[in-house]
Structures are given as C-alpha cells and as structure tokens.
Amino acid sequence: MNRKMERITTEDLKFMSLAVREAYKAKGKTLPNPAVGAVIVKNGKVISKAYHEKAGRPHAEALAIEKAGDKAKDATLYVTLEPCNHYGKTPPCTEKIIKAGIKEVVIGIRDPNPVASGGVERLKAAGIKVKKNVFKKRCFELISDFIVNVKYSRPFVSLKLASTLDGFIADEKGNSKWITSKKSRTYVHKLRSYHNAVMVGIGTVLKDDPLLNVRFVKTFFQPKAVVVDKELKIPLNSKLVKKRAQDLIIITSERALLNYKAGILKDFGVKLLPVSLEEGSLNLKEAFEILRNSLGIYSVMCEGGSRLAGYLLSEGLIDELFVFYAPKVFGGGVNLFYNGNIKENLTLVRCLNSGGDMLGVFWREELWRVYHQL
C-alpha cells in the first residue's frame, strides 16, 4: 500500500468531505477563481467552516481562521485546495495560517496555478505538518472549471445528454421529455447552477420553448442562456425572449444581423454574438473564446440535442460529459450522437445510480492527464 495513503485517516476523509460540501455552496459563483472550502478542527470537533464566496472576497482559509479566532491555535485546517502563497487581491493564506498557530494542514489537491502554488513548501518551512491528496478526485472535480481556464485560457465546457439504454434521446415522434427520473432532472438543475451559462441549439428552443434557468435547487444566481441560432429563427414570443431577454445570448452569423428580427431582439436587451462560419456551421470554438474574454463567461453547460452534441464532440470542445442512461428501450428514434466522429478521447471517471438511471461522468483525456500530474 502507498505510504501516503496509509496516513489518510477516516477523520481526514470525514472533515475533507465537509470542506468539499462547503466549497460547493459557491461553485460557479467564484469563477475565474476556484471554488474552495475550509474546515478547522480541534480535538475532533469542528471549530469553524467557510467557503470562498466570489472573486475578490477573502479566501476560505482566511474566513475559517477569522471565525475560529484564538481557537485556531494548535488546530488542524482541512482545505480543498492548496493555500495560496502569493499577494493578489488578497494576502497569502499561508501567512494567515502560520500567524494563527495552525499545527497541521490537510489539503485536497495541489494548486495548478503556478502563480499561487508553493503553499505546501511554505507551510512545511514554518514547521507545520502537511498532508496532501485527501479526497483528491472530489477536490479536482470541484475546480476542473478553474483548471481549464488557468491552463488553457478558454472556458470550461460540459455536455449533458439523456438516453435510453438502446441509445436514443427521443422517440420516433421526437418526444424527449422525461426520459430520465425526477432525481436525475433535479441533479441537472444542480449542474446548471455550477455553470455561468447554459447552451442549447435553436432546434431545442423551437421544440421545447425552455427557460434554461435553475429550478428545484437553491442558487445564488441564474446562469446566462445561450442559443446557437445561425439564422435567428428564435420566436419573439419564446419564453427566453419574453422572460430572460437580459440574460439571453444568441450565437449567430454576421448575415443574420441584417434580419429585421435582430434589431427587435437588441431592443429587448438580447445580446447577439456573430461568429464566423466553417463549412456552413457556426464556429463555436470562436464563440466560446468570445464568451470568456468579452463577456466573462468561464463555464458553459451544453444541453442541446444530438446535432449540437455531435458538433461539440467532433470538434473536441467538451471537457466533461454527463450521460444519463434511463432503463428504457425505444427501439428507434433520434440517435444519441448526430454523427459518430468523436475527436476527443473520453475517460469514464464516475458511475452513479440516479433515481434508477445510470449516470456516467466522463473527462476529456487532457483533463485526466492534468489530474494525475497534480
């Protein structure tokens, strides 16, 4: 057995799990910063807990130490991400930890950002005991969106699909509602809350008239709604235009801006984002870059049909894939993927029961390699 693994106790897993839950309270809200949770424990009891609320605000460790006060001395700090060791918008957390008299720091995962890393070495130099890689995969999943933004300067893109066991996302009449269980549908809304935007193709809008917002779960904010609509076919009386115009972004073509509807949509407050065409299709790689660099959207959850899913996968634009397999058989209908040309290798990293459905979570190979390097 690996010696590092032998040092991880049941108590370590218990309190790191609590720190992860703290971090998820602001998942998606902290970008471009990572979501981080911290718990301070003394004599087996939780003294304080905190999470990073949003960029520019104090880090989770600093907040937990502030809440603990003098009780932090000789305590153990559990934190999902290596404490930062540099001056940014806030002072380095390593200095606060040292000053507070913390005796041990248990870390979920090392910081992938070279600017902020070095916290482990600084703490050890100060005589503080450090333990790493506790619940590493869970802590990596927590900041995978941050990692993609930091290492590759592009937004994190996930894709959600729901399918029958025989690989259909809709029946022969095109009906696709409620393939999966209520628990799975609720979880999809939780996933939406972790992203800055939810994207679909115009076909989904025309068929389902969705709102693309978060329901059924608590959220601090609503993600932006993004529609891929080359010819501006979106109805002016659609729910997105009528109820979410200020949060709606339409990825379209330059030519579509000449459409009479473009001016009306702009008057409603809709953001029109023209991008170039490649072989007749909108260049979504270009669109993602603009969403991040000009509009501050660092993570996008895609929920379109088989055509959008096929394009994203064939162009290698997906970082994380969620596939909900329902225990149903259609025997025909709309295929899971519009085409079978998947450019990026995807690795299954988690398989869960979701209200009777099977949920498979896949990472792109690039992300999997980063995980093993940290």
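A large share of helix α3 (residues 60-68) lies buried, amounting to seven of its nine residues. Along α3, the residues that are buried comprise Ala-60, Glu-61, Ala-62, Leu-63, Ala-64, Ile-65 and Ala-68. With its phi angle positive at about 65°, Gly-69 sits one or two positions after the end of α3.

What follows is about the sheet that holds strand β2 (residues 45-51). In space, the five strands of this open sheet follow the order β2-β1-β3-β4-β5, with mixed pairing throughout. With one partner strand each, in any of the chains shown, β2 and β5 (129-131) form the two edges of the open sheet. Strand-to-strand, the axes of this sheet are offset by a mean angle of 15°, without reference to chain direction. Sheet topology places strand β4 (residues 104-109) next to β5; three bridges connect them, and they run parallel. By the bridge assignment for β5, Val-105 is matched with Val-130. The strands that helix α2 (residues 10-23) touches are β1 (37-42), β2, β3 (76-81), β4 and β5; relative to β3, the one it contacts most, it runs at about 55°.

With that out of the way, let us pick up the side chain of Asp-357. Residue placement: Asp-357 occurs in strand β18 (residues 357-364). From its side chain, Asp-357 meets the backbone nitrogen of Ser-181 in a polar contact 2.7 Å long. A polar contact of 2.7 Å, which involves the side chain of Asp-357, links it to the side chain of Ser-184. The residues contacting Asp-357, other than those within four sequence positions of it, are Thr-180, Ser-181, Ser-184, Tyr-325, Ala-326, Pro-327 and Leu-352.

On to the pattern of salt bridges. Counted under the stated rule, the structure contains 20 salt bridges. Where Asp-12 meets Lys-131, a salt bridge forms, and the shortest distance between an N and an O atom there is 2.7 Å. Taken together, the residues Asp-12 in helix α2 and Lys-131 in strand β5 connect sequence positions 119 residues apart. You can call Asp-12 buried: its relative accessible area is 3%. Since its relative accessible area comes to 6%, Lys-131 is described here as buried. Note that Arg-154 and Asp-319 form a salt bridge whose closest N and O atoms lie 3.0 Å from each other.

Definitions and limits used
- Residues numbered from 1 in each chain as written.
- Predicted model: local features only at pLDDT ≥ 70, side-chain atom pairs only at ≥ 80, totals over all residues.
- Heavy atoms only, no water.
- Buried < 20%, exposed > 50% of the residue type's maximum accessible area, 1.4 Å probe, protein only.
- Helix = DSSP H or I, 4+ residues; strand = E, 2+ residues; numbered from the N terminus.
- Pairing = 2+ DSSP bridges.
- Axes fitted to C-alpha atoms, helices over the stretch in contact; angles between N-to-C directions.
- Contact = heavy atoms within 4.5 Å.
- Polar contact = N/O pair within 3.5 Å; in protein donor to acceptor, adjacent residues only side chain to side chain.
- Salt bridge = Lys/Arg side-chain N within 4 Å of Asp/Glu carboxyl O.

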